[in-house]
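# Per-entry structural report
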Amino acid sequence: MRTVRNILLAQLAAGVLLAAIVWIWLGSGRAVPTLLGGLVGVVPNAFLAARLMSPRAGSSAKGLLRAGWIGEAGKLAISAVMFAVVFATLKPLHPEFVFAGFIATLVALPVALLFDRGERNDAQGGR
């Protein structure tokens, strides 16, 4: 559970940090699309995590598999809807910044896993 929380927080931090950097250098007109792109990356992942971490999902292997399938399908649907809303409503759009924020959240996942693995190894005495 802690690992999932850390991953989601790392993804959120990556999106917010990139948006802050863009805001400082280029202003809010490009920072807002960056932040929204980051949210398109984080929110669907949070949905998937919630599905997989629900008490019913872990009651059996079949239940966990079903939760994974539903969670992944929901994640894709939420991503598509969020991208559609951003692209339909945000003016000016600056799609390169939307995708930069989205990609920043994707890159944060393996980085968060690396750091989490290191913390776990420290807690186990370096094993």
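This text goes with the structure placed above it.
Let us look at the structure shown here. (Residues numbered from 1 in each chain as written. Predicted model: local features only at pLDDT ≥ 70, side-chain atom pairs only at ≥ 80, totals over all residues. Heavy atoms only, no water.)

## Some words on the side chain of Asn45
Stated precisely, the cut-off is as follows: Each helix is a run of DSSP H or I of at least 4 residues and each strand a run of E of at least 2, with the numbering of both proceeding from the N terminus. For each residue, the accessible area found with a 1.4 Å probe, counting protein chains only, is set against the maximum for its type, and the residue is called buried under 20%, exposed over 50%, and partly exposed in between. Any N or O atom pair separated by 3.5 Å or less is treated as a polar contact, with the protein-specific requirement of one donor-capable and one acceptor-capable atom, and with residues adjacent in sequence counted only for side-chain atom pairs. Only heavy atoms enter the contact rule, under which two residues are in contact if any of them lie within 4.5 Å.
Take Asn45: it is sitting in helix H2 (residues 28–53). With a relative accessible area of 11%, Asn45 lands in the buried category. A distance of 3.3 Å separates the side chain of Asn45 from the side chain of Gln11, its partner in a polar contact. When near neighbours in sequence (up to four residues on either side) are disregarded, Asn45 contacts Leu8, Gln11 and Lys75.

## Some points on the packing of aromatic side chains
Where we set the bar: Any two rings among Phe, Tyr and Trp, with Trp reduced to its six-membered ring, count as a pair given centres within 6.5 Å; such a pair is stacked if its planes are under 30 degrees apart, edge-to-face if over 60, and tilted if neither.
A full pass over the atoms with the stated rule returns four aromatic pairs. Taken together, a centroid distance of 5.7 Å and an interplanar angle of 50° make the contact between Phe87 and Phe99 tilted. In this pair, Phe87 sits in helix H3 (residues 61–89) while Phe99 sits in helix H4 (residues 95–123), placing the two residues twelve residues apart along the sequence. Classification of Phe87 as partly exposed rests on a relative accessible area of 29%. Using a relative accessible area of 38% as the deciding quantity, one classes Phe99 as partly exposed.

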